[in-house]
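Remarks on the overall topology
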Amino acid sequence: MSKAKFRVWRGDAGEGELVDYTVEVNEGEVVLDVLHRLQATQTPDLAVRWNCKAGKCGSCSMEINGRPRLACMTRMSTLDQSEPIAVTPLRTFPVIRDLVCDVSYNYVKARQIPSFTPDPSVKPGEFRMQQEDVQRSQEFRRCIECYLCQNVCHVIRDHEENKEAFSGPRFLMRVAELEMHPADTADRRLAAQEDYGLGYCNITKCCTEVCPEHIKITDNALIPMKERVATRKYDPLVWLGSKIGRRPADTPKVPNT
Amino acid sequence: MTQTPLEPPRLERAEIGARTLRTDNWRRQPMINGAILLVFVVYATWAILVNENYFVEPYISPFYSPCLVTTCAEGAGWQFVPWVAWLTPSILIIGVPMGFRMTCYYYRKAYYRSIWQSPTACGVKEPHKKYTGETRFPLIIQNVHRYFFWVATLFNIILTWDAIIAFRDHEGNWGHMGLGTLVLLINAVLLWAYSLSCHACRHTFGGRLKHFSKAPVRYWMWTQITRLNAKHMEIAWVSLVWVGLTDLYIRLVASGTITDIRFF
């Protein structure tokens, strides 16, 4: 058993401050364990969102020493305990209270993406595909929606005004997942650029760095989508070809409600 | 009875004044990357403009190959484009490798972080008040990366040929090899590795497909390129440094500062 110094952001509606605590730490514990001990012994009104304690629900996203992490997956032994450990809410989203944020921005963005669109002439059970056809999309299905990637992305983290135009890496990855799915018939390339703001992404890979599921968001979703958008929107040879041949229609811009 | 409508509280982000609360050395990586890029740009600019010591039979510097203008050194290239003596021949061709690297998805990350500070590191507030990313001019031009890939592939073929003809001696007799031959060979291999691991290459040869099982050959190619693509960052740096070193070696031999070591 040892003692660690914590600096926890306390407050609501944006007004608050970092409050210092000294708390007991036992071997093998994670940051969430220590926050629970704080609640149990010193500050019962500390608000923390959590659920599975196994890195699978994505609830306990916060910033630990300035880095977006899951509190349940951040072992105390990996942190320098000689200095105070700063625990703050996600910076990109508004605070409800203490470490709990309002992440409804993400639900709004999720609803804007047209859902899976199979060919209506193919009846359920008729479509056949191999493992290699879906393995790219399966990587993206590992997402636990912790929104650490959304939080760390500087496009909206440092520029609130971009939230309207930019859906963030998590939902651009969703667009890529559907775009790469062999049974999906919709063309989402133009929508990715114009409706979901793919052009704002400057591929600095912070989303990939913080992903607790180790999804290669930038290399496997965002860059392939940028290439597909370049084909659809910026490639003069493809444009010339489209004038001669036939091009599939783009997805109608309807909310997925 | 009058009812007061219940309005949800107006929520704001946490007010944290510090640019970042990171305690690790987050400045280190962008500083290293920025320093390497700066050294390379300064050296390459000088090497391109100096217009001498870029060719010594049978070696030619990659900054000057293909040498297409009439003012190229004797035996250095094809020499068919009319040119003026005071302007370096490299100007005509250097835009291709430079454009390929500048629009490269990896280098974009490197210089957006280390030079443009957008962002300097993850979770560190960027200094810019406004951000539009690659949605408008000039950064929208990054979308031409695929065209640079194809032209750079042509250059790779030429630089591979440069390495092959380096298996000659000073008088043009085949069956000889020097340290310069090895340097040019490694340069060609690294440039091919860099081009083949490129994200545009990965997209072109298979990534754009929806149905991999219907195109097994392209799926195989995509799989191999994907493996190489995982090392794109490392290959990008090594190949960049090696191009500079190749030029430096040939420059030192051409100027008589060192003598090329002949193996056979």
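Further up the page is the structure itself.
An account of the accompanying structure is given in this report. Keep in mind it's a predicted model, so treat the numbers as computed, not measured. Numbers given to residues run from 1 along each chain, matching the order in which its sequence is written. For this description, chains carry letters from A and ligands carry numbers from 1, given in the order in which they are written. Local features in this predicted model are restricted to residues whose pLDDT is 70 or higher, and side-chain atom pairs enter the listing and the counts only when it is 80 or higher, whereas totals over whole chains, interfaces and linings include all residues. As a convention, hydrogens and water are excluded, and side-chain values are obtained from all of the structure's heavy atoms.

We count a stretch as a helix when DSSP gives it H or I for four or more residues in a row; a strand needs E for two or more, and each element gets its number in order from the N terminus. The helix and strand tally for chain A stands at 10 helices and seven strands. Dimensions along the principal axes, computed over C-alpha positions, put chain A at roughly 70 × 40 × 30 Å. Exposure categories follow from relative accessible area, calculated using a 1.4 Å probe and restricted to protein chains: below 20% of the type maximum is buried, above 50% is exposed, and the middle band is partly exposed. Classification of the 257 residues of chain A by burial places 56% in the buried group. Residues scored as charged are limited to Lys and Arg (positive) and Asp and Glu (negative), so that His and the chain ends carry no count. For this purpose, a charge sits on NZ of Lys, CZ of Arg, CG of Asp or CD of Glu. Side chains of chain A give 36 positive and 36 negative charges; the mean places of these two sets differ by 3 Å.

Glancing now at unusual backbone geometry. All names here are of chain B. Note that the residue after S65, namely P66, is joined by a cis bond; omega there is 0°. Residue F137 is joined to P138 through a cis peptide bond whose omega torsion reads 5°. Within the secondary structure layout, P138 lies in the loop between helix 3 (105-114) and helix 4 (145-164). Backbone geometry places N51, a non-glycine residue, at a positive phi of 55°. Summarising the element assignment, N51 is placed in the loop between helix 1 (28-50) and strand 1 (55-56).

Where charged atoms of side chains with opposite charge meet at close range, the side chains can pair. All names here are of chain A. Salt bridge criterion: a side-chain nitrogen from Lys or Arg within 4 Å of a carboxyl oxygen from Asp or Glu. Applying the stated criterion across every chain, the model contains 31 salt bridges over all chains. K56 is the partner of E213 in a salt bridge, and the nearest nitrogen-oxygen pair spans 2.7 Å. Of this pair, E213 sits in the loop between helix 8 (206-210) and helix 9 (217-234) while K56 sits in the loop between helix 1 (31-41) and strand 3 (61-64); the two residues are 157 residues apart in sequence, bridging distant segments of the chain. For E213, a relative accessible area of 13% corresponds to the buried category. Classification of K56 as exposed rests on a relative accessible area of 54%. The partner of R170 in a salt bridge is E145, with the nearest N and O atoms 2.6 Å apart. On the criterion of sequence distance, the pair formed by R170 in helix 6 (residues 169-180) and E145 in the loop between helix 3 (131-140) and helix 4 (148-152) is long-range, its members being 25 residues apart. Linked through salt bridges whose partners overlap, the residues forming this network are R10, D45, R97 and D98.

Once that is clear, we can look at the environment of M62 of chain A. All names here are of chain A. Within the element layout of this structure, M62 appears in strand 3. In this structure, the C-alpha to C-alpha distance between M62 and R91, residues 29 residues apart in sequence, is 8.6 Å. By definition in these notes, contact holds between two residues if any of their heavy atoms fall within 4.5 Å. When neighbours within four sequence positions are excluded, M62 is seen to be in contact with L35, V48, R67, P68, R69, A71, V87, T88, L90, L99 and L148.

This part is about the environment of N202 of chain A. Here N202 of chain A is to be found in the loop between helix 7 (189-194) and helix 8. Between the C-alpha atom of N202 of chain A and that of T218 of chain A, which follows or precedes it by 16 residues, the distance is 9.8 Å. In this structure, N202 of chain A is in contact with H154 of chain A together with Y112, S118, Y131 and E134 of chain B, ignoring residues within four places of it in sequence. Whenever two N or O atoms come within 3.5 Å, that pair is a polar contact, provided that in protein one can donate a hydrogen and the other can accept it, and provided that, for residues adjacent in sequence, both atoms are side-chain atoms. Within the structure, the side chain of N202 of chain A is placed 2.9 Å from the backbone oxygen of S118 of chain B, a separation counted as a polar contact.

Before going further, it helps to examine the packing of aromatic side chains. Side-chain rings of Phe, Tyr and Trp (the six-membered ring for Trp) are treated as a pair once their centres are within 6.5 Å; stacked means planes under 30 degrees apart, edge-to-face means over 60, and tilted covers the remaining angles. Across all of its chains, the model carries 19 aromatic pairs over all chains by this definition. Summarising the aromatic geometry, the rings of F93 of chain A and Y105 of chain A are spaced 6.2 Å apart at their centres and angled 35° between planes, so their arrangement reads as tilted. Taken together, the positions of F93 of chain A in the loop between strand 5 (85-88) and strand 6 (95-97) and Y105 of chain A in helix 2 (residues 104-111) put the pair 12 residues apart, joining distant regions of the chain. Since its relative accessible area comes to 0%, F93 of chain A is described here as buried. For Y105 of chain A, a relative accessible area of 12% gives the class buried. Ring centres of W150 of chain B and F205 of chain B lie 6.2 Å apart, and the angle between their planes is 50°; this geometry places the pair in the tilted category. Placement of W150 of chain B in helix 4 and of F205 of chain B in helix 6 (residues 199-207) is noted, with a sequence separation of 55 residues between them. Judged by its relative accessible area of 25%, F205 of chain B is partly exposed. A network of ring pairs unites the aromatic residues F100, Y106, Y107, F149, W150, Y194, F205 and W237 of chain B as a single cluster. Above the plane of the ring of Y194 of chain B lies R101 of chain B, whose end atom (NZ or CZ) is 4.3 Å from the centre. For R168 of chain B, the ring lying beneath its charged end belongs to W174 of chain B, and the centroid distance is 5.6 Å. Any Lys NZ or Arg CZ that is within 6 Å of a ring centre and within 35 degrees of that ring's normal is treated as a charge sitting over the ring.

We now examine a nonpolar patch on the surface. Residue and element names in this part refer to chain B. A cluster of nonpolar side chains, namely I32, I36, V241, L245 and L248, defines an oily patch on the protein surface of about 350 Å² accessible area. Residue assignment for the nonpolar patch shows that the elements contributing at least two residues are helix 1 and helix 8 (232-254). Examining the composition of the nonpolar patch, we find that three residues originate from one element, helix 8, more than from any other. Mapped onto the elements of the fold, I32 is located in helix 1. What goes into a patch is any residue over 30% in relative accessible area without a salt bridge, connected to like charges within 9 Å or, for nonpolar side chains (Val, Leu, Ile, Met, Phe, Trp, Tyr), within 5 Å. Residue burial considers only the protein chains on display, and all accessible areas are found by Shrake-Rupley using a 1.4 Å probe.

Before going further, it helps to spend a moment on the interface of chain A and chain B. In this assembly, 65 residues from chain A lie in contact with 52 residues from chain B. Put simply, buried area is the surface a 1.4 Å probe can reach on two separate parts but cannot reach once they are joined, added for both. Interface area, chain A with chain B, both sides summed: about 5,000 Å², of which 51% is carbon and sulfur. Its largest share of buried area at the contact with chain B, chain A owes to R91, R136 and E227 of chain A, together 15% of the area lost on that side. Salt-bridge contacts for R146 of chain B lead to E227 of chain A; the nearest nitrogen and oxygen are separated by 3.1 Å. Connecting chain A to chain B are 38 residue pairs in polar contact (both at pLDDT 80 or more). Residue assignment for the side of chain A that touches chain B shows that the elements contributing at least two residues are strand 5, strand 6, helix 3, helix 5 (154-157), helix 6, helix 8, helix 9 and helix 10 (236-244) of chain A. Examining the composition of the side of chain A that touches chain B, we find that 10 residues originate from one element, helix 9 of chain A, more than from any other.

A word on the packing of helix 3 of chain A against helix 6 of chain A. Residues and elements named next belong to chain A. Lines fitted to the C-alpha atoms define the axes, with helices restricted to the stretch that makes contact. Angles between their N-to-C directions range from 0 to 180 degrees. Where helix 3 meets helix 6, the axes come as close as 9 Å, and the angle between the chain directions of the two elements is 165°. The orientation of helix 3 relative to helix 6 falls into the category roughly antiparallel. Crossing of helix 3 over helix 6 shows left-handed handedness. Within the contact between the two elements, helix 3 uses D133, R136, S137 and F140 and helix 6 uses M173, A176, E177 and M180. A breakdown of the residues in the contact of helix 3 with helix 6 according to their chemical character gives four nonpolar, one polar and three charged. Note on terminology: angles under 35 degrees are roughly parallel, angles over 145 are roughly antiparallel, angles of 65 to 115 are roughly perpendicular, and the others are oblique. Each helix crossing is assigned a hand: it is left-handed if the near helix lies turned anticlockwise from the far helix by less than a right angle, otherwise right-handed if that turn is clockwise. Residue polarity is assigned by list, with Asp, Glu, Lys and Arg as charged and Ala, Val, Leu, Ile, Met, Phe, Trp, Tyr, Cys and Pro as nonpolar; anything else, Gly included, falls into the polar class.

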